[in-house]
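What follows is each chain in one-letter form.
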Amino acid sequence: MTNEFADPALLDALTGIASQAGAAIMRIRSAGTSVRTKSDASPVTEADEAAEAIILDGLTRTLPGITVVSEEAASREVMPALPDIFVLVDPLDGTREFIDGRDEFTVNIAIVRDGRPLAGIVAAPALGTIWRGAIDSGSERLRLQPGASPKDACERSALRTHAHQSGPWRAVVSRSHLDPNTEQWLTRFDVLERLDCGSSVKFCRIAEGTADVYPRLGRTSEWDIAAGDAVLTAAGGVVLSLDGTPVRYGQIANNLKVPSFVAWCDPADAARFG
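Residues numbered from 1 in each chain as written. Predicted model: local features only at pLDDT ≥ 70, side-chain atom pairs only at ≥ 80, totals over all residues. Heavy atoms only, no water.

### Remarks on the overall build of the protein chain
A tally of helices and strands in the protein chain yields 8 helices and 16 strands. Its C-alpha radius of gyration of 17 Å places the protein chain within 12% of the 19 Å reference for a compact globule of 274 residues. When its C-alpha atoms are laid out on the principal axes, the protein chain stretches across 45 × 40 × 40 Å. For the protein chain, the residues scored as buried account for 55% of the 274 residues in total. (Helix = DSSP H or I, 4+ residues; strand = E, 2+ residues; numbered from the N terminus. Rg over C-alpha atoms; globule rule 2.2 N^0.38 Å. Buried < 20%, exposed > 50% of the residue type's maximum accessible area, 1.4 Å probe, protein only.)

If you want it as structure tokens, here you go:
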């Protein structure tokens, strides 16, 4: 099936939306922000809400009529059944990194069809970087200042993963959510280099070739990982459940939660070690 969401004009429009949301986050970061706690005990800030408003407005104009599921809105509403095509949004992934003054927080936008992400945008405004990808057209990294149009990117690099060849395995792990099950899973590698990282930047490090694997054996939300999944998969990697099947999105019965997954640089490595 052709991926109609690989259209360059659409990807530019989504990139622009993420860039504008990132600019709003950076403005609030500079001014200072208060932190509240949601019902699930996770933190939320003005930056989350400002970015979400920009994204929802932009998606209404860019993808009229397509259902959007966004983290902050979903926390306030009862989730209905989802159509075959919908958009998953995390307006500020890595809120803890944002609060702690680190730069590894992202804006995530993913278009999902039939349970799989077909296109994704991961914007890291504090790093001046956007990663984006679409199935059938590949992935790329843009050096782009927050708020700038994609046509103004000062650098563009195509991304393509490769199977691990030699040397230590480079594993990106969550700085904020590393759990004992993930630690145990990592013992399958004889030589391991561990890279602590926050947010969806972890998927992008694999897509650009600076890491090989990202295991997460604790529960996470679909909007946290769908955009990163799209970028990595379009670059040649794979994101699998522990049973070896691709992660599925839109799982209302699971409250849009993913129990565990492993992101790999190459399907062959997943087959060998998964």
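After that view, the rundown keeps rolling.
### Here we look at the layout of surface pockets
Vacant regions in the atomic arrangement are exposed by a probe of water-molecule size rolled over the atoms. In this structure, the largest pocket spans a volume of roughly 990 Å³. Asp40, Glu71, Ser221, Asp224 and Lys257 are, among the 44 residues lining the largest pocket, the residues nearest its centre. Among the elements of the structure, helix H3 (71-74), strand E4 (85-93), helix H4 (95-99), helix H6 (201-207), strand E12 (213-216), strand E13 (220-221) and helix H7 (222-234) are those that each provide at least two residues to the lining of the largest pocket. Its residues assigned to classes, the lining of the largest pocket comprises 13 nonpolar, 15 polar and 16 charged. (1 Å grid on protein atoms, 1.4 Å probe; cavity = no way out; pocket = protein on both sides within 12 Å on 5 of 7 lines; lining within 4 Å. Points joined across faces, edges and corners; volume = space filled by probe spheres on them. Nonpolar A, V, L, I, M, F, W, Y, C, P; charged D, E, K, R; others polar.)

### Notes on empty space enclosed by the protein
In the structure shown here, the tally under the stated rule is 1 cavity of 30 Å³ or more. One number sums up the size of the largest cavity: a volume of about 50 Å³. When residues of the lining of the largest cavity are traced back to their parent elements, those giving at least two are helix H1 (8-31), strand E6 (116-124) and strand E7 (129-134). When residues in the lining of the largest cavity are grouped by element, the largest group, 3 residues, is from H1.

### Overview of the environment of isoleucine 206
Along the chain, isoleucine 206 falls in helix H6. Judged by relative accessible area, which is 1%, isoleucine 206 ranks as buried. In this structure, the C-alpha to C-alpha distance between isoleucine 206 and aspartate 266, residues 60 residues apart in sequence, is 9.5 Å. Not counting residues within four places of it along the chain, the set of residues in contact with isoleucine 206 comprises Thr161, Val172, Ala211, Asp212, Val213, Tyr214, Leu232, Ala263, Trp264 and Cys265. (Contact = heavy atoms within 4.5 Å.)

### Some thoughts on the packing of aromatic side chains
The final tally for this structure, using the stated rule, is 11 aromatic pairs. Plain terms: the ring middles of phenylalanine 189 and tryptophan 264 are 6.5 Å apart, the flat faces sit at 65 degrees to each other, and that makes the pair edge-to-face. Of this pair, phenylalanine 189 sits in the loop between helix H5 (180-185) and strand E11 (192-197) while tryptophan 264 sits in strand E16 (residues 261-264), and the two are 75 residues apart along the sequence. Judged by relative accessible area, tryptophan 264 falls into the buried class, the value being 2%. Relative to tyrosine 214, the ring of phenylalanine 203 has its centre 5.2 Å away and its plane inclined at 80 degrees; by these criteria the two rings are edge-to-face. In this pair, phenylalanine 203 sits in helix H6 while tyrosine 214 sits in strand E12, placing the two residues 11 residues apart along the sequence. The exposure classification of phenylalanine 203 matches that of tyrosine 214, with both residues buried. (Phe/Tyr/Trp six-rings, centres within 6.5 Å; stacked < 30°, edge-to-face > 60°.)

### Overview of the pattern of salt bridges
Summed over the entire model, instances satisfying the criterion amount to 18 salt bridges. For arginine 132, the salt bridge goes to glutamate 140, with nearest N and O atoms at 2.7 Å. The pair arginine 132 / glutamate 140 is uniform in exposure class, with both members buried. When the shortest N-O distance is used, the salt bridge between arginine 205 and glutamate 208 registers 2.7 Å. (Salt bridge = Lys/Arg side-chain N within 4 Å of Asp/Glu carboxyl O.)

### Some remarks on unusual backbone geometry
Its identity is not glycine, yet asparagine 255 carries a phi of approximately 60 degrees, on the positive side. You can see asparagine 255 is positioned in the loop between strand E14 (238-240) and strand E15 (257-258). Notably, leucine 256 is not glycine yet its phi reads approximately 60 degrees, a positive angle. Relative to the elements of secondary structure, leucine 256 occurs in the loop between E14 and E15. In this structure leucine 256 comes out as buried when scored by relative accessible area, which is 2%.

### Focus: the sheet that holds E7
Overall, mixed pairing links the 7 strands, which are arranged E3-E4-E5-E6-E7-E8-E9 in an open sheet. A strand with exactly one partner marks an edge of an open sheet, and here the two such strands are strand E3 (67-70) and strand E9 (155-159). Pairs of neighbouring strands in the sheet enclose a mean axial angle of 15 degrees, with direction left out of account. The pairing of E4 with strand E5 (residues 106-113) spans 7 bridges and is classified as antiparallel. Note that in E5 the partner of valine 87 across the bridge is isoleucine 111. Each of E4, E5, E6, E7 and strand E8 (138-143) touches H1; the most contacted strand, E5, lies at about 150 degrees to it. Contacting E3, E4, E5, E6, E7 and E8, H7 runs over the sheet at an angle of about 100 degrees to E6. (Pairing = 2+ DSSP bridges. Axes fitted to C-alpha atoms, helices over the stretch in contact; angles between N-to-C directions.)

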